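Observations on the model geometry
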Amino acid sequence: MSHLLEVKDLEVKFALRSGDLTAINGVSFTLDKGEKLGLVGESGAGKSVTGFAIINLISKPGFISGGKILFNGEDISSMNDSKMRNIRGDRISMIFQDPMMTLNPVFTIGTQMIETLQAHRQISKAHAKEIALEKLKKVYIPSPEKRLSQYPHEFSGGMRQRIIIAISLLTDPAIIIADEPTTALDVTIQAEIMDLLRELCDSEEMGLILITHDLAVVSEVTEKIAVMYAGRIIESGATNDIVNDPRHPYTAGLIRALPGGVLKPGEKLHQIPGMMPTLTDIPPGCAFNPRCLIKNGICESELPGLLDNGHGRMIACHMRN
Amino acid sequence: MFAFIIRRIAQAIFVMLVISLIGFAIKNKIGDPVRDMVGERVTPQERAQIRQKLGLNDPFISQYIRFVDHAVHGDLGLSFFYKKPALDVIIEKAPATMEMVIGAGLLIILISLPLGIYTSLKPRTFFSRFVMGFSTLGVSVPVFLTAIMLIYIFGVQLHWLPSYGRGKTVDVFGNGWWMSGFFTADGLKHLILPCISLASIELPLFIRLIRSEMMEVLETDYIKYAWAKGLSPMRIWLVHAFKNTLLPVITVFGVQIGIMFAFTILTETVFQWQGMGYMFLEAVERSDTSLLIAYLVVVGSVFVIVNTVVDIIYGFINPTIRIAGR
Amino acid sequence: MKRSIKRFKDSYLFYSFKNDKTAMASFFLLACFIILSITAPVVAPYNPYNAKNIDIMNSELPPMWLDGGSSTFILGTDNMGRDLLSTMIYGLRISVVIGICAVALQAFIGIMMGLTAGYVGGKVDTVLMRIADIQFSFPYLMVAIFISAIFQVMFGVGSFEKLAVPLLVIIIGLSEWPVYARTIRAAVMGEKNKEYVEAARVIGLSRPVIMFRHILPNTLTSVMVISTIQVANAVMSEAALSFLGLGMPVTMPSLGSLIREGFEYIFSGSWWITIFPGIFLILFVLVVNLLGDWLRDVLNPKLYKG
């Protein structure tokens with residue numbers, strides 16, 4: 001069965017003076033039309049890099065060193081830049097974390113929206129303006145005509161993120177990659193933005209890859225989750241399944257660490273002891289083993305493969321498979 | 001925005017008053033207005049009379065106020081040497097200096113922008129490294145040496161370009177004031193070496209500035225976002241990155257124009273260029289205090305005005321200031 | 001002492017120095033220049049200030065390798081008959097002395113003002129920085145030229161000559177202190193809110209003690225970075241002033257004065273009088289600038305270039 005997006009054994013390395021460092025070590029997942037995938041993990045696990053890798057925008061000195069990224073069956077990981085530009089911002093849009101830093105402060109919203117359209121479609125400015133207004137209305141921005149001639153600093157954080165979402169909708173993309181879209185926003189606005197995203201993806205039938213460290217957000221919005229640790233996916237499956245019954249010890253730790261989850265009042269917050277290793281210190285065998293409570297000898301020497309457990313769940317753990 | 005402009009102008013006026021105070025204080029202490037007016041051969045009684053008539057025995061403050069009052073009406077005293085109002089002398093000599101500064105300014109814009117942008121986009125190429133190395137060298141060579149060496153190579157050895165003077169000039173306004181070298185081939189030939197010398201002070205600075213600003217801008221999230229939107233590289237570099245780079249560069253440009261005026265003193269000396277700088281040195285040699293002070297006041301005011309105008313223009317172009325106020 | 005040396009040898013500073021050929025070459029050259037200027041009386045073939053050594057009949061002799069030159073005057077003679085090489089070495093000495101002393105003065109004034117403004121803040125800060133701003137809006141060269149000119153007009157050229165060196169030090173020192181003041185002030189304002197300052201205050205240390213013994217050492221990296229550039233600027237300012245005739249007199253020429261003298265002679269063929277001092281000056285300033293660039297790259301973590 002052919003998927004809208006298929007990431008196969010993606011490998012990303014950073015070319016440093018002291019040698020190449022592996023940041024993403026064999027990541028695979030699929031996304032179908034209208035599907036919402038959550039890519040979850042701590043900072044440094046490699047989720048953002050994966051997101052950037054899909055549209056081939058990894059910052060130097062990073063580069064894709066292996067694997068394939070199939071979009072509608074075509075491998076876009078090795079596409080040349082000018083062909084890639086037809087996909088980037090057009091078929092696959094990306095939303096960044098901090099809307100204040102993402103919009104260019106010296107250009108109006110209108111300019112930044114119209115230029116996106118004109119970069120991908122042969123249309124007149126007037127037509128582009130129409131489409132821009134349409135999308136602004138879709139994200140519930142009041143008086144959109146006025147907004148087009150305003151500058152980013154004239155808006156609140158929540159409005160700015162809506163504008164960014166509007167920009168990402170301009171070309172009616174097939175997939176939106178949202179990299180920590182609500183981390184920089186107030187909690188109340190977070191909920192609004194996530195609701196908006198979910199609603200739009202449903203109504204426009206767009207695929208969503210939600211990259212975040214926030215399990216609560218992911219469980220509200222997505223249908224399936226892939227949990228990343230130290231550059232690999234260690235568990236993936238349906239969102240509800242994973243949240244209610246995490247199988248990998250790391251995922252279990254994450255769920256347990258959520259306040260308000262399984263805790264009774266007065267109980268201490270659960271923590272996973274230790275820290276995720278940095279790229280240079282990844283231990284041999286399973287990367288999680290130093291912090292794992294159920295580990296065994298084999299965990300310290302052999303890398304566990306991401307295996308199907310028969311019930312639609314993929315787990316990378318010697319002890320759970 | 002309006003408040004911003006008012007504040008800047010008030011600041012400017014304050015600084016100009018300070019300049020005028022310093023200038024006046026110096027003039028009061030060392031200048032000899034009597035000599036300026038009637039020369040040296042005066043009897044002591046006549047001298048005392050004239051001093052009384054000129055109000056030179058009045059308290060400092062009232063003399064100062066009179067000075068400012070005169071200055072605002074265009075009277076900055078008499079030049080002892082030229083036997084003319086100092087301001088007239090300065091105005092006469094100004095076009096020569098201005099042409100050099102304008103020429104140098106144009107050169108700077110035409111050269112530093114492309115080079116600065118190129119070295120920021122492709123920093124590791126041989127050409128970029130060469131440009132940066134050359135600019136370090138440029139910063140280490142004082143302007144008068146650059147001028148001398150240019151004269152030596154192009155004037156004395158190769159005989160391609162003239163070594164001094166302005167060449168044939170043309171009367172632009174028909175009233176004898178602005179004698180321009182821009183409109184004659186000979187005048188232009190005479191302008192080349194001086195403008196290059198003057199530009200050489202600022203070029204390394206601007207190339208480096210544009211390059212480092214551009215490199216910083218290119219690392220920002222909004223540029224990364226522009227790439228994610230799939231915009232073309234040309235648009236990202238020359239529209240997005242460039243505008244953000246340009247803003248801080250403009251303020252520097254304003255300040256540097258002022259500095260270039262200072263360096264015209266050196267350049268005009270080398271090229272025997274009959275402008276304000278040359279006039280200043282002659283005034284020093286001749287102890288022509290009025291002219292010196294007039295020069296200080298005029299040039300000082302020019303700096304202040306240029307800086308203020310540049311700040312205000314910056315306020316207009318930068319939308320975060322224009323709309324939200326400061 | 002041994003521990004300090006060992007710490008220095010292990011430091012990042014030394015490591016990146018050893019790896020950077022430009023920095024090492026510059027440092028070596030700079031050391032040569034400084035040694036040259038200190039040992040001038042010993043190293044220079046002649047003493048150019050001693051009138052007995054100078055014979056006007058010797059003037060304008062070309063360097064040794066051209067026609068008419070001789071090995072008595074390796075680089076030729078200037079228009080007054082002085083050996084060019086000796087005069088250049090002595091000129092370098094003057095330039096170096098003025099450069100370093102002027103920068104010391106600038107640093108002193110600037111640090112005082114900047115430290116006070118940054119730490120005390122409030123009205124003091126506003127007033128001091130206004131003064132700095134006003135002076136800053138004038139190019140330093142203009143200020144230096146002006147002060148020098150006024151001085152000459154007031155006291156005549158003669159008395160200027162006797163006091164030339166200290167006067168130049170004062171003039172150049174006064175014209176650029178705002179650079180130091182601003183830099184220190186920014187650094188101090190950054191340090192002011194750190195915990196060690198609060199701790200010192202809690203212990204009850206007086207303001208001057210906190211400012212000088214606690215905050216100041218932590219701001220010294222910025223001082224070091226700008227100092228090299230300022231020395232280069234000071235040397236160039238002195239050369240410019242001397243070139244205009246507002247600096248070192250003809251009897252005790254610095255490199256700038258030599259260039260001034262030699263300028264008219266490039267048209268009549270005696271190019272060496274201007275060109276050799278010129279190259280000497282450029283080399284010295286270049287070496288200082290290169291070291292300054294390296295120092296700035298090493299000491300400033302923000303500019304880590306990966």
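The shown structure was predicted, so the numbers you read here are calculated from the model rather than taken from an experiment. (Residues numbered from 1 in each chain as written. Chains lettered and ligands numbered in written order. Predicted model: local features only at pLDDT ≥ 70, side-chain atom pairs only at ≥ 80, totals over all residues.)

1. As for the overall build of chain A
Counted only if it meets this: Think of it this way: any DSSP run of H or I at least four residues long counts as a helix, any run of E at least two long counts as a strand, and we number them from the N terminus. Here, residues touch in the contact sense if the C-beta positions derived from the backbone fall within 7 Å of one another.
Scanning chain A for helices and strands turns up 11 helices and 12 strands. Projected onto its principal axes, the C-alpha positions of chain A cover 65 × 50 × 40 Å. Sequence-distant contacts in chain A: of pairs separated by 6 or more residues, those separated by 24 or more amount to 63%.

2. What about the sheet that holds strand S1 (residues 5–16) of chain A?
All names here are of chain A. Rules: The criterion for strand pairing is that DSSP finds at least two bridges linking the strands in question.
The strand order across the open sheet built from 4 strands is S2-S1-S4-S5, with neighbouring strands paired in antiparallel fashion. Whereas interior strands pair on both sides, the edge strands pair on one side only; in this sheet they are strand S2 (19–31) and strand S5 (74–75). In the sheet, S1 pairs with S2 via 10 bridges, with the strands oriented antiparallel. Among the inter-strand pairings, Leu10 is bridged to a residue of S2, identified as Val27.

3. Some points on the environment of Val187 of chain A
Residue and element names in this part refer to chain A. Formally: Put plainly, a residue is buried at 20 or more neighbouring C-beta atoms within 10 Å of its own, exposed at 12 or fewer, and partly exposed in between, counting only other residues' C-beta atoms, which are placed from the backbone.
Inspection of the secondary structure puts Val187 in helix H8 (residues 187–204). Overall, Val187 belongs to the exposed group, with 7 C-beta atoms counted inside 10 Å. Expressed as a C-alpha distance, the spacing of Val187 and Val27, which sit 160 residues apart in the sequence, is 31 Å.

4. Notes on the interface of chain B and chain A
The criterion, for reference: Ten residues, namely Ala, Val, Leu, Ile, Met, Phe, Trp, Tyr, Cys and Pro, are considered nonpolar, four, namely Asp, Glu, Lys and Arg, are considered charged, and the remaining ones, Gly among them, are considered polar.
The partner chain A presents 22 residues to the 19 residues of chain B that form the contact. Broken down by secondary-structure element, the contributors of at least two residues to the side of chain B that touches chain A are helix H9 (221–228), helix H10 (233–271) and helix H13 (319–324) of chain B. Among the elements that make up the side of chain B that touches chain A, the one with the highest residue count is H9 of chain B (5 residues). Partitioning the side of chain B that touches chain A into residue classes produces 8 nonpolar, 7 polar and 4 charged.

5. Here we look at the interface of chain C and chain B
On the side of chain B, 31 residues touch chain C, which itself brings 32 residues to the contact. The element that contributes the greatest number of residues to the side of chain C that touches chain B is helix H7 (residues 140–162) of chain C, accounting for 9 residues. The class makeup of the residues in the side of chain C that touches chain B is 26 nonpolar, 5 polar and 1 charged.

6. Looking at unusual backbone geometry
Residues and elements named next belong to chain A. Backbone geometry at Asp172 places phi at a positive 50°, although glycine is not the residue there. Position of Asp172 among the secondary structure elements: in the loop between helix H7 (157–169) and strand S7 (175–179). Although it is not a glycine, Glu205 adopts a positive phi angle of roughly 55°. Residue placement: Glu205 occurs in the loop between H8 and strand S8 (207–212).

7. Quick notes on the sheet that holds strand S3 (residues 36–40) of chain A
Residue and element names in this part refer to chain A. An order of S6-S7-S8-S3-S9-S10-S12-S11 is seen for the 8 strands of this open sheet, with the pairing classed as mixed. The sheet terminates laterally at strand S6 (92–95) and strand S11 (307–308), the two strands that pair on one side only. When S7 meets S8, the two strands line up parallel, connected through 5 bridges. What sits directly across from Ala178, in S8, is Leu210.

8. Topic: the pairing of strand S4 (residues 62–71) of chain A
Residues and elements named next belong to chain A. Examined bridge by bridge, S1 and S4 share 8 bridges and lie antiparallel to one another. Among the inter-strand pairings, Lys8 is bridged to a residue of S4, identified as Lys68. Judged from the 2 bridges that link them, S4 and S5 form a sheet pairing that is antiparallel. Along S5, the bridge assignment pairs Phe71 with Glu74. What sits between S4 and S5 in their antiparallel hairpin is a turn of 2 residues, with Asn72 showing a positive phi close to 55°.

9. What to know about the packing of helix H8 (residues 185–218) of chain B against H10 of chain B
Residues and elements named next belong to chain B. What counts here: Throughout, an axis means a line fitted to C-alpha atoms (over the contacting stretch in the case of helices), and angles, computed between N-to-C directions, take values from 0 to 180 degrees. To sort the angles, those under 35 degrees are grouped as roughly parallel, those over 145 as roughly antiparallel, those from 65 to 115 as roughly perpendicular, and the leftovers as oblique. In a left-handed crossing the near helix is turned counterclockwise from the far helix by less than a right angle, and in a right-handed crossing that turn is clockwise.
Two numbers describe how H8 lies on H10: the axes approach to 9 Å, and their chain directions differ by 160°. By the angle class used here, H8 and H10 are roughly antiparallel. Seen along the crossing, H8 lies across H10 with a hand that is right-handed. For the pair formed by H8 and H10, the contact residues are Leu193, Pro194, Ser197, Leu198, Ile201, Glu202, Leu209, Ile210, Glu213, Met214, Val217 and Leu218 on the first element and Ala241, Asn244, Thr245, Pro248, Val249, Val252, Gln256, Met260, Phe263, Thr264, Thr267 and Phe271 on the second. Its residues placed into classes, the contact of H8 with H10 shows 16 nonpolar, 6 polar and 2 charged.

10. Considerations on the nonpolar core
If you look at soluble globular proteins, the nonpolar side chains tend to sit buried side by side. Just so we agree on the cut-off: A set of buried residues drawn from Ala, Val, Leu, Ile, Met, Phe, Trp, Tyr and Cys, joined through C-beta atoms within 7 Å, is what defines a nonpolar core.
Counting 147 residues, the largest nonpolar core has Leu198, Ala294 and Tyr295 of chain B together with Ile145 of chain C as its most contacted members. The leading source of residues in this core is helix H5 (residues 84–120) of chain C, at 17 residues. Of all hydrophobic cores here, the second largest spans 90 residues; its members include Ala23, Ile24, Phe288 and Cys292 of chain A.

11. Brief notes about helix H11 (residues 249–257) of chain A
Three- or four-residue spacings in an α-helix give side chains the same orientation, since the helix completes a turn every 3.6 residues. Those residues of H11 of chain A that sit buried are Pro249, Tyr250, Thr251 and Leu254 of chain A. Against the buried residues of H11 of chain A lie helix H9 (215–221), strand S9 (224–229), strand S10 (232–238) and helix H10 (239–244) of chain A.

12. Looking at the packing of H5 of chain C against helix H9 (residues 177–192) of chain C
Residue and element names in this part refer to chain C. Between H5 and H9, the shortest axis-to-axis distance is 7 Å and the interhelical angle comes to 35°. The chirality of how H5 crosses H9 is right-handed. Contact residues: Gln106, Ala107, Ile109, Gly110, Ile111, Met113, Gly114, Leu115, Ala117, Gly118 and Tyr119 in H5; Trp177, Pro178, Val179, Tyr180, Ala181, Arg182, Thr183, Ile184, Arg185, Val188, Met189 and Lys192 in H9.

13. Regarding the pairing of S3 of chain A
Residues and elements named next belong to chain A. Of all the 5 residues making up S3, 5 are buried; the element is thus mostly covered by neighbouring parts of the structure. Burial along S3 is two-sided: the residues Lys36, Gly38 and Val40 and Leu37 and Leu39 are all buried. Pairing between S3 and S8: 5 bridges, direction parallel. Residue pairing across strands places Val40 opposite Thr212, the latter belonging to S8. The pairing of S3 with S9 spans 4 bridges and is parallel. In the sheet register, Gly38 faces S9, and the bridge partner there is Ile225.

14. Focus on the confidence of the model for chain C
Residue and element names in this part refer to chain C. Definition in use: Along the chain, pLDDT gives the predictor's confidence residue by residue, from 0 to 100.
Model confidence for chain C is summarised by a mean pLDDT of 78, while 86% of its residues fall at 70 or above. No element of chain C has a lower mean pLDDT than helix H1 (residues 2–10), at 65, and none a higher one than H5, at 86. Confidence drops under pLDDT 50 across residues 302–306; counting only partners more than four residues distant or on other chains, this segment forms 1 contact. ipTM for the predicted complex: 0.84, alongside a pTM of 0.78.

15. Some thoughts on H7 of chain A
Residue and element names in this part refer to chain A. Operational definition: Expected span of a helix: the number of residues minus one, times 1.5 Å.
Over its 13 residues, H7 runs 19 Å from end to end, which matches the ideal 18 Å to within 8%, given 1.5 Å per residue. For H7, a buried count of 11 out of 13 residues is recorded, marking the element as mostly surrounded by other parts of the structure. Buried residues of H7: Met159, Arg160, Gln161, Arg162, Ile163, Ile164, Ile165, Ala166, Ile167, Ser168 and Leu169, and no others. Packed against the buried residues of H7 are S6, helix H3 (99–102), helix H4 (109–120), helix H5 (125–138), S7 and H8.

16. Describing the environment of Gly89 of chain A
Looking at the element boundaries, Gly89 of chain A is found in the loop between helix H2 (81–87) and S6. Put simply, Gly89 of chain A and Ala252 of chain A are 163 residues apart on the chain and 36 Å apart in space, counted from C-alpha to C-alpha. If we skip the residues at most four places from it in the chain, Gly89 of chain A touches Thr116, Ala119, His120 and Thr171 of chain A together with Ala228, Lys229 and Gly230 of chain B.

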